[in-house]
Amino acid sequence: MSEKKKHSGKRLKFPEDIIAAATGGIAALPDGMATGAMAGVNPVHGLYAAIIGPFVGAWTTGSVYMAISTTGALALAVRGSLNGLEEKDKLSALVLITILAGIIQFLMGVFKMGFLMRFVSNSVMRGFLSAVAISIVLSQFADVFGYYRSKHSNKILQTLDIALHYKDFNLAAMGVAGLTIILILFLDRTKLKNFSMFFSLIAVSFLSYLMKNSSLKLVGHENQIPNELPNFVLPQYENITDIIIPSIAIALIGFIQGAGVSHLKTNPDGKYPDENKDLRGEGLANVASGICTGIPICGSVGQTSLMISAGAYSRWANFISAIIIAIGVFTMGELIEQIPMATLGGILIISGFSSLKWDDIATIWDTSIQARCMMGFSFIATLILPVQFAVLGSVVLTFILQIVRSSNRVRLNSLVLSEDGFLKEIPSPKEVKNNEVIVLNPSGSLFFAGSYVLEDLLPTADNAKNSVVIIVLRGRKEVGSTFISVIRKYQKHLKDHNCILKLVGVDKGVHEQLDRTDLEEDIGRENIYRFDSEIGKSLIQARNDGYDWIKKQQ
């Protein structure tokens, strides 16, 4: 293993960490401003978040390389949450949303809820992220075309409204945005690709300053960048009922995006980071960001990738990048105010389009009709609904799909002993015959709807007598109340026809459930066969006991 993979990630390496920090810090300046503007607040709140994120996250996350910063998805969710509020109330609401989202994420990490990411399907995730990318692009059209009179909050309607007022477009804004985009695309093909956004921002802003076009909207026209540390603001908790749902949604967005970053690169020891520790780190970073009036933040794929490609060696790279961003903000506030909003719009359009993963979309499209539908639903919902509600809806839909898929995967086969002494799996019979032993092996989830599917698959004993049905439960650590009810009902059905039920491979946890619910007493303790490490031992024993029971009945 190389030296780089053996270190703990806590030791500064010069000059690698310094170079990576400078690269990431310079790139984060325009990105933080742009996402702050996208969130519908003073861009300085995006800059504050870009400082606090890596400053706190560098030492609190499980990932050595994760860069916690602003993202377009979170900015859009914040904008939707603040819509309708008066300007004087937005800062207090922003602080409360960010702190609550951080507390929720921290508690999720404490209670080890990182595993929930496994239940968010790839198709839902890709649909959501693709719609966010498109929303980022559409949300910049007002700045790019210089038309700010649209009253629609929905990005599609706003885009249509802007298009209908093409006669009112600002040619200077269009030229500035177009030049920014062209310059970024050009620099991306050179050795300066890691600095393309920063150099484009500086060059186009300087050119705009020389032009002195009064029709261009600048950052400083509506927002002032203070050359000082942010004032600490405590949230007003009387608004918590209006803010709690958006805060949960923003916490989930950050959780989903952060989980993707966690597995972007292994830690120097070769292991993937602890996603629960990443959650706790993101939560603490958001609480700190909220107190410092920053917008919500999470693990950023773009910023993390940039830091890694720039040669980040340890946690110091992210920490030092925060210091570089702070120096830039607190010493160049007046210069930042001269940046045209159209330039930020051009940068975000590039960011939005670069977030579209066409290969992933094509893979999902080719997988199945169901995958296409799920991706399409998530995509359309995110474009039409506020981001926070689209996220909650997509997550709920994912869980419903998981339950439906699990229930649809329930299978019931019969195990028979072949002539060579091995167990052979065949389709289960529809009916139980007289004087026979049937071994049933269910597969799939037996929780919720899965238990009802199993009930429909169980063979009936309407025409049977003196038979034994054995159900194999090997490998199941617990069962649900629905399964208990189904088995209790089936046991009674068999008993009414002088047949008995045996359960085989019963784990300790399942046995305790059977005992607490009195199902063990109904079935009979002699018909419960506990789990045995020797595969097939308890099954063969139950099968033999079944034939002995049948002989006694004849």
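In this text the structure is predicted, and so the values were computed from the model without any measurement. (Residues numbered from 1 in each chain as written. Predicted model: local features only at pLDDT ≥ 70, side-chain atom pairs only at ≥ 80, totals over all residues. Heavy atoms only, no water.)

### Structural notes on the packing of helix H6 (residues 122–138) against helix H19 (residues 369–384)
Okay, so step 1: With their axes 7 Å apart at the nearest point, H6 and H19 run at an angle of 35° to one another. Like other packed secondary-structure pairs, H6 and H19 cross with a definite hand, here right-handed. Between H6 and H19, the residues in contact are Ser123, Val124, Arg126, Gly127, Phe128, Ser130, Ala131, Val132, Ile134 and Ser135 and Ala371, Met374, Met375, Ser378, Phe379, Thr382 and Leu383, respectively.
Okay, so step 2: Its residues placed into classes, the contact of H6 with H19 shows ten nonpolar, six polar and one charged. (Axes fitted to C-alpha atoms, helices over the stretch in contact; angles between N-to-C directions. Helix = DSSP H or I, 4+ residues; strand = E, 2+ residues; numbered from the N terminus. Left-handed = near helix turned anticlockwise from the far one by under 90°. Contact = heavy atoms within 4.5 Å. Nonpolar A, V, L, I, M, F, W, Y, C, P; charged D, E, K, R; others polar.)

### Some remarks on empty space enclosed by the protein
By rolling a water-sized probe across the atoms, one finds the places where empty space is left.
Okay, so step 1: In the structure shown here, the tally under the stated rule is three cavities of 30 Å³ or more.
Okay, so step 2: As a volume, the second largest cavity reaches approximately 50 Å³.
Okay, so step 3: Contributing to the lining of the second largest cavity are Ala28, Ala50, Pro54, Ala67, Ile68, Ser69, Gln303, Asn318, Ser321 and Ile325.
Okay, so step 4: Elements represented by at least two residues in the lining of the second largest cavity include exactly helix H3 (43–60), strand S1 (68–69) and helix H15 (316–331).
Okay, so step 5: Of the residues contributing to the lining of the second largest cavity, the split by class is six nonpolar, four polar and no charged. (1 Å grid on protein atoms, 1.4 Å probe; cavity = no way out; pocket = protein on both sides within 12 Å on 5 of 7 lines; lining within 4 Å. Points joined across faces, edges and corners; volume = space filled by probe spheres on them.)

### With respect to the sheet that holds strand S3 (residues 411–417)
Okay, so step 1: Overall, mixed pairing links the six strands, which are arranged S4-S3-S5-S6-S7-S8 in an open sheet. The sheet is open, and its two edges are formed by strand S4 (423–427) and strand S8 (528–530), each paired on a single side. For this sheet, the mean angle separating the axes of adjacent strands, direction not counted, is 30°.
Okay, so step 2: As paired elements, strand S6 (residues 468–472) and strand S7 (residues 500–506) share five bridges and run parallel to each other. By the bridge assignment for S7, Val468 is matched with Ile500.
Okay, so step 3: Helix-sheet contacts for helix H23 (residues 508–516) involve S7 and S8, and the interaxial angle to S7 is about 145°.
Okay, so step 4: Along the sheet, helix H25 (residues 537–553) makes contact with S3, S4, strand S5 (437–443), S6, S7 and S8, crossing S7 at roughly 165°. (Pairing = 2+ DSSP bridges.)

### Here's the deal with a nonpolar patch on the surface
Okay, so step 1: On the surface, a nonpolar cluster with roughly 960 Å² of combined accessible area is contributed by Ile156, Leu157, Leu160, Tyr237, Ile240, Ile244, Ile245, Ile380, Ile384, Leu385 and Phe389.
Okay, so step 2: Among the elements of the structure, helix H8 (155–164), helix H12 (240–262) and H19 are those that each provide at least two residues to the nonpolar patch.
Okay, so step 3: Mapping Tyr237 onto the fold places it in the loop between helix H11 (219–222) and H12. (Patch = residues over 30% accessible without salt bridge, like charges linked within 9 Å, V, L, I, M, F, W, Y side chains within 5 Å. Areas by Shrake-Rupley, 256 points an atom, 1.4 Å probe, with all protein chains shown as cover. Salt bridge = Lys/Arg side-chain N within 4 Å of Asp/Glu carboxyl O.)

### Some remarks on a negative patch on the surface
Okay, so step 1: On the surface, Glu512, Asp515, Asp518 and Glu521 cluster together to form a negatively charged patch.
Okay, so step 2: Locating Glu512 in the fold gives a position in helix H23.
Okay, so step 3: Classification of Glu512 as partly exposed rests on a relative accessible area of 36%. (Lys, Arg positive; Asp, Glu negative; His and termini not counted. Charge placed at Lys NZ, Arg CZ, Asp CG, Glu CD. Buried < 20%, exposed > 50% of the residue type's maximum accessible area, 1.4 Å probe, protein only.)

### What about the side chain of Ser247?
Okay, so step 1: Tracing the backbone through its elements, the reader meets Ser247 in helix H12.
Okay, so step 2: The buried category is assigned to Ser247, whose relative accessible area is 0%.

### Here we look at the packing of aromatic side chains
Okay, so step 1: Scanning the model with the defined rule gives six aromatic pairs in all.
Okay, so step 2: Three or more aromatic residues joined by ring pairs form one cluster here, namely Phe55, Trp59, Trp316 and Phe319.
Okay, so step 3: Over the ring of Tyr209 we find Lys212; its NZ or CZ atom is 4.1 Å from the centre of that ring.
Okay, so step 4: One Lys or Arg, Lys217, reaches over the ring of Tyr148 and ends 4.2 Å from the middle of that ring. (Phe/Tyr/Trp six-rings, centres within 6.5 Å; stacked < 30°, edge-to-face > 60°. Lys NZ or Arg CZ within 6 Å of the ring centre and 35° of its normal.)

### Things to note about helix H5 (residues 87–110)
Okay, so step 1: Its 24 residues place the ends of H5 35 Å apart at the C-alpha level, agreeing with the 34 Å of an ideal helix rising 1.5 Å per residue.
Okay, so step 2: Backbone geometry just after H5 places Lys112 at a positive phi near 55°. (Expected span 1.5 Å × (residues − 1).)

### Some words on the packing of helix H10 (residues 196–211) against helix H17 (residues 341–354)
Okay, so step 1: Interhelical geometry of H10 versus H17 gives an angle of 155° and a closest axis separation of 10 Å. Here H10 lies roughly antiparallel to H17, going by the angle between them. As H10 packs across H17, the resulting crossing turns out to be right-handed. Between H10, through Met197, Leu201, Val204 and Ser205, and H17, the contact on the second element is made entirely by Thr343, Leu344, Ile347, Ile350 and Ser351.
Okay, so step 2: Counted by class, the contact of H10 with H17 contains six nonpolar, three polar and no charged residues. (Parallel < 35°, antiparallel > 145°, perpendicular 65-115°, else oblique.)

This is a description of form; function is not addressed.
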